[in-house]
Amino acid sequence: MFDANETLDQARTRNIQDALREDIGVCDWTAQLVPSKIGRSQLSVRQKAVLCGKSWFEGTIQALDPKAVLTWFYQEGDWMVVDTPVCEIKADVRALLSGERTAINFLQTLSATATNTRKYVEAIVGLSPNPNGCVVLDTRKTLPGLRQAQKYAVRIGGGENQRMALWDGILIKENHIAAAGSIRAALDAAEKLNEGVSIQIEVENLAELDEAIKAGAKNILIDNFSIEKMHKAVAINQGRALLEASGGIGIELMRAIAATGVDRISLGKLTKDVQAVDFSMRMVA
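What counts, and at which threshold
- Residues numbered from 1 in each chain as written.
- Predicted model: local features only at pLDDT ≥ 70, side-chain atom pairs only at ≥ 80, totals over all residues.
- Heavy atoms only, no water.
- Helix = DSSP H or I, 4+ residues; strand = E, 2+ residues; numbered from the N terminus.
- Buried < 20%, exposed > 50% of the residue type's maximum accessible area, 1.4 Å probe, protein only.
- Contact = heavy atoms within 4.5 Å.
- Areas by Shrake-Rupley, 256 points an atom, 1.4 Å probe, with all protein chains shown as cover.
- Lys, Arg positive; Asp, Glu negative; His and termini not counted.
- Charge placed at Lys NZ, Arg CZ, Asp CG, Glu CD.
- Axes fitted to C-alpha atoms, helices over the stretch in contact; angles between N-to-C directions.
- Parallel < 35°, antiparallel > 145°, perpendicular 65-115°, else oblique.
- Left-handed = near helix turned anticlockwise from the far one by under 90°.
- Core = buried A, V, L, I, M, F, W, Y, C linked by side-chain atoms within 4.5 Å.
- Nonpolar A, V, L, I, M, F, W, Y, C, P; charged D, E, K, R; others polar.

1. Regarding the overall build of the protein chain
From N to C terminus, the protein chain includes ten helices and twelve strands. C-alpha extents for the protein chain along the principal axes are approximately 70 × 40 × 25 Å. The burial tally for the protein chain puts 48% of its 285 residues in the buried class. Within the protein chain, counting contacts between residues at least 6 apart in sequence, those at least 24 apart form 69% of the total. Approximately 14400 Å² of the protein chain is accessible, and the part contributed by carbon and sulfur atoms is 50%. The positive charge centre, built from 33 side chains, and the negative charge centre, built from 35, are 3 Å apart in the protein chain.

This is the structure:
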């Protein structure tokens, strides 16, 4: 459908251009009320959160003033302390005024995603009997246009990406299996594509799990299994395939799921159930 898959750098550039076009349009008339001169502003955070999105913030300000200088007091991925300065910006005053909201919008959303992810990751530390541990994954339930950005934020938060997009892997679900005729037929068709992408198949019960393993599946999504069935799934699997748990999982269940020994837990909540981090930017000179 498209000529190429978008990279993170390309996505960031598009994000910034789209957001500035959306907010400024032909002109920020209010910014014209002040003279064009160099000024300073300070960005502070009002809650404990993980910092994420520095390059989106910087890119927004520097798109309006290429000579802008930003000094950060935290590194990407750091926990920020309540009511502390995060960044100081020296730039044209009009650029600061016009870019403030857009720049903070990126930072508050990506920091929220990273913070949310960090909480889920830390909730299961040391609990898995799996020798490889248990990985926390995201899904494709991201904000439209911000797929690459939010997936990046998940990585900053300590999680991993399940798959970036439809082009990044094959996930065989119930309707694919029905259309193909069987689990084995669907897996065979996926292998014949020979596209070099990951192949995962979703199963809804233990019988389907057994069938998928016998058909040679190496990556299996066990959807909406109870804790008891997850334990049984791990025992049946015996390490032959990666087992990934999914299905409306909240943080209160994470510990019990990790303790079953599954390899991965995927959560739409990492990217879709986020509350913006509270930042404030004020002119200081």
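2. Thoughts on the environment of Phe2
Looking at the secondary structure, you find Phe2 in the segment before helix H1 (8–24). Judged by its relative accessible area of 69%, Phe2 falls in the exposed class. Counting along the chain gives 36 residues from Phe2 to Ile38, while the straight-line C-alpha distance between them is 43 Å.

3. Brief notes about the packing of helix H7 (residues 206–214) against helix H8 (residues 227–237)
Relative to each other, H7 and H8 sit at 20°, their axes nearing to 10 Å. The orientation of H7 with respect to H8, classified from their angle, is roughly parallel. Like other packed secondary-structure pairs, H7 and H8 cross with a definite hand, here right-handed. Along its contact with H7, which presents Leu206, Leu209, Asp210 and Ile213, the element H8 presents Lys229, Lys232, Ala233, Ile236 and Asn237.

4. Regarding the nonpolar core
Here is a general trend for soluble globular proteins: nonpolar side chains tend to be buried in one another's company. The biggest cluster of nonpolar side chains holds 36 residues, and the ones touching the most others in it are Ile172, Ile201, Ile220 and Ile222. Among the secondary structure elements, those contributing two or more residues to this core are strand S7 (169–172), helix H6 (183–193), strand S8 (198–203), H7, strand S9 (219–223), H8, strand S10 (242–246) and helix H9 (251–258). Leave out the neighbours within four places in its chain, and Ile222 touches Val203, Leu209, Met230, Ala233, Leu243, Glu244, Ala245, Ser246 and Val262.

5. Re the packing of H1 against helix H3 (residues 93–123)
Axis separation between H1 and H3 bottoms out at 10 Å; the angle between their running directions is 135°. Classified by the angle their axes make, H1 and H3 are oblique. In this structure, H1 crosses over H3, and the sense of that crossing is right-handed. For the pair H1 and H3, the contacting residues are Asn15, Ile16, Ala19, Leu20, Asp23 and Ile24 in the first and Ser98, Arg101, Thr102 and Phe106 in the second. Taken together, the residues that form the contact of H1 with H3 break down as five nonpolar, three polar and two charged.

Nothing here speaks to function; it is geometry throughout.
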